[in-house]
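Tertiary structure, described
Now for the letters of each chain:
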Amino acid sequence: MKKSAQIIVLLGAAVLAGSCNSYNKVVKSYNNELKYETAKRSYVEGNYSRAASLLEDVLMFMKLTPNAEESLYLLGMTYFNQGDYVTSSHYFKTYYTTFPRGQFTENARYMASKSLYLDSPEARLDQSGTYMAIQELQMFMEYFPESKYKDEAQKMQFELQDKLVYKDFLAAKLYYDLGDYMGNNYEACIVTAQNALKDYPYTNMREELSILILRSRYQMALHSIDEKRIERYRETIDEYYAFKNEFPETKYEKEISSIFRNSEKYIKD
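Let me begin by describing the structure that accompanies this report. The structure presented is a predicted model; accordingly, all values stated were derived computationally and were not measured.

A look at the packing of aromatic side chains
Tallying each qualifying case throughout the model produces 19 aromatic pairs. Measuring from ring centre to ring centre gives 5.9 Å for Phe-140 and Phe-144, while their planes differ by 40°; the resulting arrangement is tilted. Given the relative accessible area of 0%, Phe-140 is considered buried. Under the relative-accessibility criterion, Phe-144 is labelled partly exposed at 22%. Measuring from ring centre to ring centre gives 5.6 Å for Tyr-176 and Tyr-186, while their planes differ by 65°; the resulting arrangement is edge-to-face. On the criterion of sequence distance, the pair formed by Tyr-176 in helix 8 (residues 150-178) and Tyr-186 in helix 9 (residues 185-199) is long-range, its members being 10 residues apart. In this pair, the class of Tyr-176 matches that of Tyr-186, namely buried. Among the aromatic side chains, those forming a connected cluster through ring pairs are Tyr-73, Phe-92, Tyr-95, Phe-99 and Phe-104.

Structure representation (structure tokens):
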């Protein structure tokens, strides 16, 4: 290693050691104001872990000072920037319930919503967190309808709703794939898909949900007992017309045309 490079490495190590020693002294200090200022400096420098640790240490003391609002909001931001969205949402909620008219209330409500949005699980898992995020976003938009964050909040809400629709789609598809296994799963597919369409009428998955309904009605007719077969083929034809009316340029044209012809043929015969 060249001498100049060695000097740089040694200087860097010395600075790091000095920084660590300085931080350790602050941690052990009883000077809460010093800890708070060090926490803010650590936050600006991007050392969110140190900032969070110091803020947690002085949070109770800060409640009695003019920095009460800032310290609580800043603590939420430290956890948000570390990717700990559960903890950040907790502190943002604590902020806006403690200071409903505070200087950071709009931001705190928005960041609580965004934290829950980012913590929302993927569609195949339990969606309790997604429902919480949607509720938080709705509350934010009700409290601040003209917020500068309005468009982004609406976008997040739509994305979360799409996730719920996709979960319903997966459930409906599973019922369809199960078919007649241990009962009439086609009926369950229809109910699940119809409920999703009712709950989220503007979803971009309407065609995928609707084709599952049409397929299920057709399969129910095919596997039906004689007494109910004609009625179910008629329901299939009705579903075909509803589908065709809503999706005249559907990518499933060949499939639905075949369903229609076969259903109509059976009724005529």
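Describing helix 10 (residues 206-222)
With 17 residues, helix 10 extends 24 Å from end C-alpha to end C-alpha; this agrees with the ideal 24 Å at 1.5 Å per step. Taken across its 17 residues, helix 10 has 15 buried, putting it largely inside the fold.

Considerations on the nonpolar core
In terms of nonpolar packing, the biggest core is built from 58 residues, with Tyr-73, Leu-75, Phe-92, Tyr-95, Met-111 and Leu-209 touching the most fellow members. Ignoring any residue separated from it by four or fewer positions in sequence, one finds Leu-209 in contact with Val-165, Phe-169, Ala-193, Ala-196 and Leu-197.

Points about the packing of helix 9 against helix 10
Two elements in contact, helix 9 and helix 10, have axes whose closest approach is 9 Å; the angle formed by their N-to-C orientations is 155°. Considering the angle they form, helix 9 stands roughly antiparallel to helix 10. In the packing of helix 9 onto helix 10, the handedness of the crossing is left-handed. Here helix 9 contributes Tyr-186, Glu-187, Cys-189, Ile-190, Ala-193, Gln-194, Ala-196 and Leu-197 to the contact with helix 10, which in turn contributes Arg-206, Leu-209, Ser-210, Leu-212, Ile-213, Ser-216, Arg-217, Gln-219 and Met-220.

Some remarks on the pattern of salt bridges
Where charged atoms from two side chains of opposite charge approach closely, those side chains can pair. One pass over the structure, following the stated rule, counts 13 salt bridges. For the salt bridge of Glu-70 with Lys-40, the shortest nitrogen-to-oxygen distance reads 3.6 Å. Note that Glu-70 is positioned in helix 4 (residues 68-81) and Lys-40 in helix 2 (residues 32-44), a separation of 30 residues in sequence. In this structure, Glu-246 engages Arg-206 in a salt bridge whose closest nitrogen and oxygen atoms are separated by 2.6 Å. With Glu-246 in helix 11 (residues 226-246) and Arg-206 in helix 10, this residue pair connects regions lying 40 residues apart in the sequence. Each of Glu-37, Lys-40 and Glu-70 takes part in a single network of salt bridges with overlapping partners.

What counts, and where the lines are drawn
Residues numbered from 1 in each chain as written. Predicted model: local features only at pLDDT ≥ 70, side-chain atom pairs only at ≥ 80, totals over all residues. Heavy atoms only, no water. Phe/Tyr/Trp six-rings, centres within 6.5 Å; stacked < 30°, edge-to-face > 60°. Buried < 20%, exposed > 50% of the residue type's maximum accessible area, 1.4 Å probe, protein only. Helix = DSSP H or I, 4+ residues; strand = E, 2+ residues; numbered from the N terminus. Expected span 1.5 Å × (residues − 1). Core = buried A, V, L, I, M, F, W, Y, C linked by side-chain atoms within 4.5 Å. Contact = heavy atoms within 4.5 Å. Axes fitted to C-alpha atoms, helices over the stretch in contact; angles between N-to-C directions. Parallel < 35°, antiparallel > 145°, perpendicular 65-115°, else oblique. Left-handed = near helix turned anticlockwise from the far one by under 90°. Salt bridge = Lys/Arg side-chain N within 4 Å of Asp/Glu carboxyl O.

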